[in-house]
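Chain residues, written in single-letter form:
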Amino acid sequence: MLKKVDSSQLKVGMYIHDLSCDWMTHPFVRNRFLISSGEEIRKILNAGIHDVVIDSDKGLDVEDAPTLAEAQAATEREIVEIVAKAPVQTRVSLGEEMQRAVQIRHQASTLVRTVMQDARLGKAIELDQVQPVVQNITESILRNPGALVGLLRIKTKDDYTFLHSVSVCTLLVAFCRSRNIPADITHQAGLGGLLHDTGKALVPDKILNKPGPLTDEEFAIIKKHPEDGYNILRQSPEIGPIPLDITLHHHERRDGSGYPSKQANDEISELAQMAAIVDVYDAITADRCYHKGMSAAAALRKIYEWSKFHFNPTYAQEFMRCVGIYPVGTMVLLESGRLGVVIEPHETNLLAPKVNVFFHTKKNVYIKPETVDLSRGVGFGGGDKIVGHESPSKWNVDPMRFLTVAV
């Protein structure tokens, strides 16, 4: 039986099923193993891992610990309460913005690729080329955040490093906007988001794209990238303090378990704390060569759980409201058995978005695409509800084909 336990309850002989942290922060080659020594427990605690999932069928039990399902259900209820009511503002429809978003995505990912190449060659970053891209991303978010955010949900292992930077920029701009942060500061935050991983240009590709967990030595090399990126950006005299701060400190954690400076609590700037949340969210929702991306709902559950120690709980909850449980581009299963892709959040109820349905799971066939407004009743374009997320690979479908189809 899978159970959620506090790390302080760990004993030799327990079987770790899940270390309950993002894949780039735990110090173990394996994510599942039998605890064989006190040193392994100390490594878990020193890594800032505060709770784990154990398998009581494979090792010692903690009798009064909640099952994983019970713990997840409790967290889910709290998240729904936090996220359900959140205002959404758009100026244009998804369809209107999508074509521009496709161009911006390509422009931005090409730029990040160029920045990385220049960094490898020891060249200073040319900010006059970066600034317009950040401005284009910001304007797209102001028109309709769902278009670019939805497009950036799709990444491949070949373009992950570049599109991750574009995603962090996009999500951080949206996050700043949702918190009413002034436009000039939002722009600087976006600049930091786009450039935050510049230091990874100096990480060997065999480590950066390794199809499995890192060794201690490889992890130590990865952990140098914030300082490397900071030093690269400092070569550009016009770079401001905000992008430098985000680049250097986006892996800090409020309990002091992060890197490179082990800053804690409010030693970490507001924007660096926001960037840390965005960075982790995008990383754990993306498919990588060594793990399958989580759904938005599962990722928000992790962010919420980790906010007890790693993130500012207020910022975490505000980010959850910003992105919502069902972001544009999410594939969902409806009560009727139909699959659909979320195309537009409801203005006030994020649990009832507009969905383009295109596939029937009970009949295992594509159906004529149509838009269903889940906030409406039967006979008014609605009459259905979401029962959960679905993986496109499970059904071998491409939901992005139906992102802007509306009949």
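Small disclaimer: the values here were computed from a predicted structure and weren't measured. (Residues numbered from 1 in each chain as written. Predicted model: local features only at pLDDT ≥ 70, side-chain atom pairs only at ≥ 80, totals over all residues. Heavy atoms only, no water.)

S.K.: What exactly am I supposed to notice about the domain arrangement of the chain here?
M.R.: Interfaces are often sized by the amount of accessible area the parts lose when they come together. Taken as a whole, the chain is organised into domain 1 (2-66), domain 2 (94-323) and domain 3 (330-402). Using only C-alpha atoms to locate each centre, domain 2 and domain 3 end up separated by 29 Å. Buried area between domain 2 and domain 3, both sides added, is near 580 Å², and the carbon and sulfur share of it is 66%. Sorting the residues of domain 2 by area buried against domain 3 places Leu94, Arg153 and Ile154 first, and these three jointly supply 45% of that buried surface. At the junction of domain 2 with domain 3, the criterion picks out 0 salt bridges. Counting the contacts that link domain 2 with domain 3 gives 0 residue pairs in polar contact (both at pLDDT 80 or more). Considered class by class, the residues forming the side of domain 2 that touches domain 3 number 5 nonpolar, 2 polar and 3 charged. (Domains from an automatic or database assignment. Buried area = accessible area lost by both parts, 1.4 Å probe. Salt bridge = Lys/Arg side-chain N within 4 Å of Asp/Glu carboxyl O. Polar contact = N/O pair within 3.5 Å; in protein donor to acceptor, adjacent residues only side chain to side chain. Nonpolar A, V, L, I, M, F, W, Y, C, P; charged D, E, K, R; others polar.)

S.K.: Explanation requested: the pattern of salt bridges in the structure shown.
M.R.: Counting across every chain of the model gives 18 salt bridges. Residues arginine 338 and glutamate 370 are paired through a salt bridge, measuring 3.6 Å at the closest nitrogen-oxygen approach. Pair noted here: arginine 338 is in strand E6 (residues 338-344) and glutamate 370 is in strand E8 (residues 365-373), with a separation of 32 residues, a long-range link. On the basis of relative accessible area, glutamate 370 is assigned to the partly exposed category, the value being 35%. One network of salt bridges, in which partners are shared, links Lys4, Asp51 and Glu305. (Helix = DSSP H or I, 4+ residues; strand = E, 2+ residues; numbered from the N terminus. Buried < 20%, exposed > 50% of the residue type's maximum accessible area, 1.4 Å probe, protein only.)

S.K.: Explain the nonpolar core to me, please; I cannot follow it from the model alone.
M.R.: One broad rule of soluble globular proteins: the nonpolar side chains tend to lie buried together. Among the nonpolar cores identified, the biggest contains 95 residues, and Val130, Ile137, Leu194, Leu195 and Tyr281 are the most heavily contacted of them. By residue number, the principal contributor to this core is helix H6 (residues 160-178), which donates 11 residues. Shared between two domains, this core takes at least three residues from each, and those domains are domain 2 (94-323) and domain 3 (330-402). With near-sequence residues (within four places) excluded, leucine 195 lies in contact with Val115, Ile125, Leu127, Val130, Leu233, Ile239 and Thr247. With 16 residues, the next largest nonpolar core counts Val5, Cys21, Ile49 and Val52 among its residues. (Core = buried A, V, L, I, M, F, W, Y, C linked by side-chain atoms within 4.5 Å. Contact = heavy atoms within 4.5 Å.)

S.K.: Quick question: what am I supposed to make of the sheet that holds strand E2 (residues 15-18) here?
M.R.: Hydrogen bonds along the backbone pair up the strands of a sheet, which may run parallel or antiparallel. Read across the sheet, 4 strands follow the order E1-E4-E2-E3 without closing on themselves; strand pairing throughout is antiparallel. The outermost strands of the open sheet, each flanked by one partner alone, are strand E1 (2-6) and strand E3 (33-34). Pairing between E1 and strand E4 (residues 51-55): 5 bridges, direction antiparallel. Directly across from lysine 4, in E4, lies its bridge partner valine 53. (Pairing = 2+ DSSP bridges.)

S.K.: Could you clarify how one ought to interpret the packing of aromatic side chains in this entry?
M.R.: The relation between two aromatic rings is expressed through the spacing of the ring centres and the mutual angle of the planes. Per the counting criterion, the structure on display carries 7 aromatic pairs. The interplanar angle of 85° and the centroid separation of 5.2 Å between the aromatic rings of phenylalanine 359 and tyrosine 366 together place this pair among those described as edge-to-face. One aromatic cluster is present, built from ring pairs that chain together Phe358, Phe359, Tyr366, Trp395 and Phe402. (Phe/Tyr/Trp six-rings, centres within 6.5 Å; stacked < 30°, edge-to-face > 60°.)

S.K.: Explanation requested: the side chain of glutamate 97 in the structure shown.
M.R.: Among the secondary structure elements, glutamate 97 is positioned in helix H3 (residues 94-120). A polar contact is formed between the side chain of glutamate 97 and the side chain of serine 140, at a distance of 2.8 Å. Ignoring any residue separated from it by four or fewer positions in sequence, one finds glutamate 97 in contact with Val92, Ser140, Arg143, Asn144 and Ala147.

S.K.: Sorry, what's going on with the packing of H3 against helix H4 (residues 127-143) here?
M.R.: Contact pair H3 / H4: the axes reach a minimum separation of 10 Å and the direction vectors enclose 150°. Overall, the two elements H3 and H4 adopt an arrangement that is roughly antiparallel. Every pair of crossing elements has a handedness; the one defined by H3 and H4 is left-handed. Side by side, H3 and H4 meet where Glu97, Arg100, Ala101, Ile104, Gln107, Ala108, Leu111 and Val115 of the first sit next to Gln129, Val130, Val133, Asn136, Ile137, Ser140 and Arg143 of the second. When the residues that make up the contact of H3 with H4 are grouped by side-chain class, the tally is 8 nonpolar, 4 polar and 3 charged. (Axes fitted to C-alpha atoms, helices over the stretch in contact; angles between N-to-C directions. Parallel < 35°, antiparallel > 145°, perpendicular 65-115°, else oblique. Left-handed = near helix turned anticlockwise from the far one by under 90°.)

S.K.: What is the right way to look at the packing of helix H10 (residues 225-233) against helix H11 (residues 241-249) in this model?
M.R.: Relative orientation and spacing of two packed helices are given, respectively, by the angle between their axes and the distance between those axes. Where H10 meets H11, the closest approach of the two axes is 7 Å, and the angle between their N-to-C directions is 160°. The orientation of H10 with respect to H11, classified from their angle, is roughly antiparallel. Contacts between H10 and H11 involve Pro226, Glu227, Gly229, Tyr230 and Leu233 on the former and, on the latter, Pro243, Leu244, Thr247 and Leu248.

S.K.: I'm lost on the state of the cysteines in this one. Help?
M.R.: Covalently bonding the sulfur atom of one cysteine to the sulfur atom of another cysteine gives a disulfide. Applying the stated criterion to the full structure yields 0 disulfides. Not engaged in a disulfide, the cysteine cysteine 322 finds its nearest cysteine sulfur in cysteine 176; these two sulfurs lie 9.2 Å apart. (Disulfide = S-S within 2.5 Å.)

S.K.: Quick question: what am I supposed to make of H6 here?
M.R.: Each α-helix winds once per 3.6 residues, and so residues spaced three or four apart point in a common direction. With 19 residues, H6 ought to run about 27 Å at 1.5 Å a step, and its terminal C-alpha atoms sit 26 Å apart, in line with that. For H6, the tally of buried residues reaches 17 of 19 residues, placing the bulk of the element in the interior. Asparagine 180 occupies a position one or two residues after H6 and carries a positive phi of about 60°. (Expected span 1.5 Å × (residues − 1).)

S.K.: Honestly, unusual backbone geometry in this entry has me stumped. Any pointers?
M.R.: A negative phi holds for most residues other than glycine; trans holds for most peptide bonds. Between tyrosine 259 and proline 260 the backbone carries a cis peptide bond, its omega angle lying at 10°. One can find proline 260 in the loop between H11 and helix H12 (270-285). Phi is positive for asparagine 396, which is not a glycine, with a value near 55°. A residue is classified by how much of its surface remains accessible, and asparagine 396, at 68% relative accessible area, is exposed.

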